[in-house]
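Remarks on the overall topology
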Amino acid sequence: MRITLGLIMLIFTGSQPEDLTQFHKAEFQEKNPYIFVLGNVQDGGSPHIGCRKECCKTLFAQPDPDRMVVALGIIDPQNEKTFLIEATPDLPRQLRLLSNEAGFKNNDVPDGVFLTHAHIGHYTGLMYFGREALGASQVNVYAMPGMKSFLESNGPWSQLTDLNNIKLQQMENETAVQVTPSVRVVPVQVPHRDEFSETVGYKIMGPSASLLFIPDIDKWDKWEKDIIEMVQEVDYALVDGSFYDKEEINNRDISEIPHPFVSESMELFDALPDEAKRKVNFIHFNHTNPLLNEESAITENVLAKGYSISRLKQIYPL
């Protein structure tokens with residue numbers, strides 16, 4: 001059966017991730033490449049270290065297995081390839097989840113790992129490829145020039161390259177990497193707190209659809225690109241939803257963490273037609289963000305406005 005984008009978007013409207021997963025299992029798992037969400041939480045995870053607020057209090061005693069740091073998997077069943085976007089502190093569980101979902105691999109090692117930047121939730125999972133853990137051999141790790149230099153020049157990451165646990169592949173801004181005959185990945189540089197490396201999002205293109213992934217960015221107006229235009233150019237846009245509004249970070253200097261608030265992004269995206277709004281999926285939630293709670297009033301409000309929220313195991317066909 002040929003899956004049309006119109007049908008996919010119809011299914012997405014008001015659907016929960018498990019509904020789409022069931023559709024996927026029945027109709028297109030065997031042939032079509034797709035994105036598989038492996039986590040939607042900000043770098044520090046949930047529960048968050050040191051947090052004694054209500055949002056984390058019970059999670060220390062009863063952890064939620066669905067709360068893992070932001071990562072995506074790319075699965076291409078026809079070419080039997082898997083790729084990981086982001087190497088998070090939850091990498092062991094995420095690689096097993098990716099391998100089990102793909103079904104065609106006999107180990108947990110992906111065919112490549114794409115990094116966005118050098119903040120702790122986005123690259124430190126590389127440590128698990130080292131001699132103290134997996135002792136992997138030449139795992140392809142795709143990184144921008146600054147990120148590549150950072151890994152090569154600083155321990156313990158340099159040991160991964162010295163021992164050939166990983167093999168660094170340099171990318172260039174807005175230059176496509178053809179990862180399989182069916183899938184291309186394009187890094188797109190964005191403004192962020194680039195203390196150790198530049199920061200990129202990714203545009204991922206398959207035979208039938210494309211997806212924009214921007215988990216971290218400073219305010220939208222700091223970017224030379226127009227996010228409204230970019231949303232309209234793709235079929236799905238997974239964008240920075242770190243904080244719902246400024247009330248969450250009333251104990252921090254907002255200039256140090258200038259993410260676009262979800263409330264601000266919705267004001268910006270409200271100019272979009274309804275079909276385009278449905279493309280917008282918020283992701284990368286701080287532990288304080290009420291969007292982590294599927295039953296919160298704010299979650300219901302965001303969905304009612306026509307936007308979407310990325311959840312663990314959610315699928316985006318390519």
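Please refer to the structure higher up on the page.
Described below are features of the structure shown in this document. (Residues numbered from 1 in each chain as written. Predicted model: local features only at pLDDT ≥ 70, side-chain atom pairs only at ≥ 80, totals over all residues. Heavy atoms only, no water.)

By secondary structure assignment, the location of E247 is in the loop between β11 (236-240) and α9 (262-269). Along the backbone, E247 and T288 are 41 residues apart, and their C-alpha atoms lie at a distance of 9.7 Å. (Helix = DSSP H or I, 4+ residues; strand = E, 2+ residues; numbered from the N terminus.)

We now examine the pattern of salt bridges. Note that side chains of opposite charge can pair when their charged atoms are close. According to the stated counting rule, one finds 10 salt bridges in the structure shown. Put simply, D64 and R67 hold a salt bridge, and the shortest N to O gap is 3.6 Å. Among the residues examined, D64 registers a relative accessible area of 28% and is labelled partly exposed. The class of R67 is buried, set by a relative accessible area of 17%. The partner of E195 in a salt bridge is R193, and the shortest N-O contact between them spans 3.7 Å. For R193, a relative accessible area of 26% puts it in the partly exposed group. (Salt bridge = Lys/Arg side-chain N within 4 Å of Asp/Glu carboxyl O. Buried < 20%, exposed > 50% of the residue type's maximum accessible area, 1.4 Å probe, protein only.)

Our next topic: unusual backbone geometry. The amide bond that connects S46 to the next residue, P47, takes the cis arrangement and shows omega of 10°. Within the fold, P47 resides in the loop between β1 (34-39) and α3 (54-61). Along the chain, G155 connects to P156 via a cis peptide bond; the corresponding omega equals 5°. Mapped onto the secondary structure, P156 falls in the loop between α6 (145-153) and α7 (157-162). Here the phi dihedral of E80 falls at roughly 50°; this positive angle occurs in a residue that is not glycine. Mapped onto the fold, E80 is located in the loop between β2 (71-76) and β3 (81-85).

Let us look at the sheet that holds strand β13 (residues 308-309). An order of β7-β8-β9-β10-β11-β12-β13 is seen for the seven strands of this open sheet, with the pairing classed as mixed. Looking at which strands have only one partner, the edges of the open sheet turn out to be β7 (177-180) and β13. Of the strand pairs in this sheet, strand β12 (residues 280-283) and β13 are connected by two bridges, and their pairing is parallel. Bridging across to β13, F282 finds its partner in I309. (Pairing = 2+ DSSP bridges.)

Moving on, we get to the packing of aromatic side chains. Think of a pair of aromatic rings as described by two things: how far the centres are apart, and how the planes are tilted against each other in angle. Inspection of every chain in the model, using the stated rule, returns 10 aromatic pairs. Considering the side-chain rings of F114 and Y142, the 4.3 Å spacing of their centres and the 5° angle between planes classify their relative orientation as stacked. Taken together, the residues F114 in strand β4 (residues 113-114) and Y142 in strand β5 (residues 139-143) connect sequence positions 28 residues apart. As far as the burial class goes, F114 and Y142 line up, both buried. Where W220 meets W223, the ring centres are 6.4 Å apart and the plane angle is 35°; that geometry is what we call tilted. As far as the burial class goes, W220 and W223 line up, both buried. One aromatic cluster is present, built from ring pairs that chain together F83, F114, Y142 and Y202. The positively charged end of K219 is found above the aromatic ring belonging to F261, 4.0 Å away from the centroid. (Phe/Tyr/Trp six-rings, centres within 6.5 Å; stacked < 30°, edge-to-face > 60°. Lys NZ or Arg CZ within 6 Å of the ring centre and 35° of its normal.)

A full pass over the atoms with the stated rule returns two cavities of 30 Å³ or more. Space inside the second largest cavity adds up to approximately 30 Å³. H117, A118, H119, R193, D194, E195, F196, S197 and T199 together form the lining of the second largest cavity. Taken together, the residues of the lining of the second largest cavity break down into two nonpolar, four polar and three charged. (1 Å grid on protein atoms, 1.4 Å probe; cavity = no way out; pocket = protein on both sides within 12 Å on 5 of 7 lines; lining within 4 Å. Points joined across faces, edges and corners; volume = space filled by probe spheres on them. Nonpolar A, V, L, I, M, F, W, Y, C, P; charged D, E, K, R; others polar.)

This next bit is on the state of the cysteines. Scanning the model with the defined rule gives zero disulfides in all. Lacking any disulfide linkage, C51 is separated from the closest cysteine sulfur, that of C56, by 3.2 Å. Free of any disulfide, C55 has its nearest neighbouring cysteine sulfur in C51, separated by 3.8 Å. (Disulfide = S-S within 2.5 Å.)

Bear in mind that shape data such as this cannot, by itself, settle questions of function.
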